[in-house]
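Fold and geometry: a report
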Amino acid sequence: MLSTVDELNEPLQWPEDGITRIPYRLYSDPEIYALEQQRIFRGPVWNFLCLEIDIPNAGDFKTSTVGEVPVIVTRDENGDVHAMVNRCVHKGALVCLKEKGNAKLLTCIYHSWSFDLEGRLKGVAFRNGLKGKGGLPKDFDASQHRLEPLRVEVFCGLVFGTFSDATPTVESYLGKPMSKFLRRNLGRTLKPLGMHSQIIHNNWKLYGENVRDSYHATLLHTFYTTFKINRLDMDGGIVLAEDKWHSISYAKRATLEEAPEYKAEKIHSVQYDANLAGPKLLDSWPEFEDGITHSIQAIFPNLAIQFTLNSLCVRFFVPRGVEKTELFWFYVGYEDDDEEKTAMRVMQGNLTGASGLVSLEDGCINEFVQRGTRGSAEEMGLAEMGGRDVESSDHSRATETAIRGFWTGYRKIMDIP
């Protein structure tokens with residue numbers, strides 16, 4: 001098993017220009033991808049597992065994944081939340097095959113070995129054999145054979161898990177600005193409004209960049225610009241966590257002052273004169289006193305919380321191979337929403353998602369990067385918009401500082417010199 005970057009067949013070093021240059025090799029090298037599974041997803045990070053509302057009752061379980069490792073999240077009879085690898089200790093088969101359900105025991109269909117909701121081995125079919133023959137050795141100790149556990153914490157309705165004893169508390173891992181903003185968006189009792197998923201044909205880190213890329217938002221996304229939902233000529237900014245790898249991008253719709261650069265530079269997203277047949281889609285009410293009407297909070301390694309008008313969504317993107325990622329969209333509202341507010345959140349859910357009016361383009365743009373960089377492992381991308389530093393910005397979102405922050409954290413945890 002790879003343990004350091006130096007053990008790669010072709011050792012990786014960061015370019016001399018630093019974090020403003022991103023080696024294309026990072027998107028396509030299978031050895032680097034394998035090392036990420038070990039150093040990031042099994043390393044000292046908190047991985048999003050599920051929403052707490054996915055497992056509201058005793059006996060509920062939900063399957064998830066950490067990197068490529070399948071995971072089960074459960075709630076036991078005392079109300080405590082647990083997580084464990086979804087891999088039977090006998091032959092390695094998946095124990096839970098359903099996405100979610102309710103059970104007193106988790107039983108592997110292969111040989112009927114069963115585990116309790118904490119992952120402890122509770123039953124082995126024919127443990128003592130039949131008619132005095134066969135079975136397990138008499139000194140077999142079931143307590144030594146349990147599903148591999150993860151440490152678990154619940155924060156603002158999000159269930160996080162880690163394999164590492166070195167990972168600090170979730171709140172310490174996030175830092176003060178990130179924790180405060182999560183409480184702003186998710187600090188009330190949530191209710192599920194729907195979910196869907198899609199396969200995107202690109203390396204998972206390209207989507208990690210995408211949710212931090214405020215620069216592209218109104219260049220690529222025509223709907224944002226045409227209907228004035230999120231533009232760079234609104235008040236907004238970028239907030240980076242203390243360790244740089246988490247970020248928040250935000251905008252305030254009411255502050256729009258149309259900048260001449262949009263038309264002067266002939267940006268394609270402003271070339272359309274269109275009207276909505278259903279204009280109520282863009283109706284909204286002021287949700288928060290700070291005036292922020294659009295935000296994307298990106299949490300390393302693969303989580304983003306999006307708030308647009310009054311639509312609230314948790315995005316979870318999962319590596320499914322070097323060049324494939326599965327993107328999950330979990331739409332939520334608040335338990336105390338009335339019917340009118342719930343209906344508005346559901347309708348605005350059409351803005352995002354696999355075929356969303358805003359985010360439709362994201363389903364293919366990162367594949368264009370994957371295809372464009374294929375076969376060019378020695379080349380590199382450029383990330384100098386907004387300068388070369390890795391700092392928060394309260395005056396412009398025409399910047400790639402959050403992308404530089406992502407790679408700062410990535411480079412550190414991967415130990416790339």
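Every chain's residues receive numbers from 1 upward, in the order its sequence appears when written. Note on the predicted model: pLDDT of at least 70 is required for a residue's local features to be given, and 80 or more for side-chain atom pairs to be given and counted; whole-chain, interface and lining totals, by contrast, use all residues. In computing side-chain properties, one takes all heavy atoms of the structure into account and sets aside hydrogens as well as water.

1. Remarks on the state of the cysteines
- Disulfides are defined as cysteine sulfur pairs within 2.5 Å. Scanning the entire structure with this criterion turns up zero disulfides.
- Summary of cysteine pairing: Cys156 is not part of a disulfide, and the nearest cysteine sulfur, belonging to Cys50, is at 15 Å.
- Only protein chains enter the accessibility calculation, which uses a 1.4 Å probe; a residue whose area is less than 20% of its type maximum is buried, one above 50% is exposed, and one in between is partly exposed. The class of Cys156 is buried, set by a relative accessible area of 17%.
- There is no disulfide at Cys313, and the cysteine sulfur nearest it, in Cys50, is 15 Å away.

2. Details of the domain arrangement of the protein
- Here the limits of each domain have been adopted from an automatic or database domain assignment. Segmenting the protein into domains produces domain 1 (47-155) and domain 2 (176-414).
- Centre-to-centre separation of domain 1 and domain 2, based on C-alpha positions: 36 Å.
- What counts as buried area is the accessible surface, traced by a 1.4 Å probe, that two parts surrender upon association, with contributions from both included. Overall, the association of domain 1 and domain 2 removes approximately 1,100 Å² of surface from exposure, summing both partners, and the carbon and sulfur fraction of that is 75%.
- Three residues stand out in domain 1 for area buried against domain 2, namely Phe48, Ile53 and Phe155, and they jointly supply 48% of the buried area on that side.

3. A word on the sheet that holds strand 3 (residues 60-66)
- Reading across from one edge, 2-11-10-5-4-3-6 is the order of the seven strands in this open sheet, with antiparallel pairing throughout. Strand pairing shows two members of the sheet lacking a second neighbour, strand 2 (47-51) and strand 6 (100-102), which therefore form its edges. On average, each strand axis in the sheet is inclined to that of its neighbour by 30°, with strand direction left out of account.
- Strand pairing follows a simple DSSP-based rule, namely that at least 2 bridges must link the two strands. Only DSSP runs of H or I with at least four residues qualify as helices, and only runs of E with at least two residues qualify as strands; both kinds are numbered from the N terminus onward. Sheet topology note: the strand 3/strand 6 ladder contains three bridges and is antiparallel. Looking across to strand 6, one finds that Phe61 is bridged to Gly101. A fitted line through C-alpha atoms represents every axis, and for helices the fit uses only the stretch in contact; the resulting angles, taken between N-to-C directions, go from 0 to 180 degrees.

4. Examining helix 10 (residues 401-414)
- Multiplying 1.5 Å by the helix residue count minus one yields the expected span of that helix. For helix 10, which comprises 14 residues, the first-to-last C-alpha distance of 20 Å matches the rise-based estimate of 20 Å (1.5 Å per residue) to within 8%.
- The buried fraction of helix 10 is high, at eleven of 14 residues.
- By the burial criterion, the buried members of helix 10 are Thr401, Ala402, Ile403, Arg404, Gly405, Phe406, Trp407, Gly409, Tyr410, Ile413 and Met414.
- On its buried face, helix 10 is in contact with strand 1 (21-23), helix 1 (30-41), helix 4 (204-210), strand 13 (235-240) and strand 14 (247-252).
- One or two residues past the end of helix 10 sits Asp415, with phi positive at roughly 60°. Throughout, a residue-residue contact means that at least one pair of heavy atoms, one from each residue, lies within 4.5 Å.

5. Describing helix 8 (residues 339-348)
- Thr342, Met344, Arg345 and Gln348 are the residues of helix 8 that are buried. Down the axis of helix 8, the sector holding all buried residues measures 160°, keeping them to one side. In helix 8, those exposed residues whose orientation departs by more than 90 degrees from the buried face are Glu339 and Glu340.
- Considering only its buried residues, helix 8 is in contact with strand 12 (190-200), strand 16 (303-308), strand 17 (311-319) and strand 18 (325-334).
- Think of a polar contact as two N or O atoms within 3.5 Å of one another; within protein, one of them needs to be a possible hydrogen donor and the other a possible acceptor, and neighboring residues in sequence only count if both atoms come from side chains. With a side-chain oxygen positioned 3.2 Å from the backbone nitrogen of Glu340, the residue opening helix 8 is Asp338. In this description, the arc belongs to the directions extending from the helix axis to the C-beta atoms.

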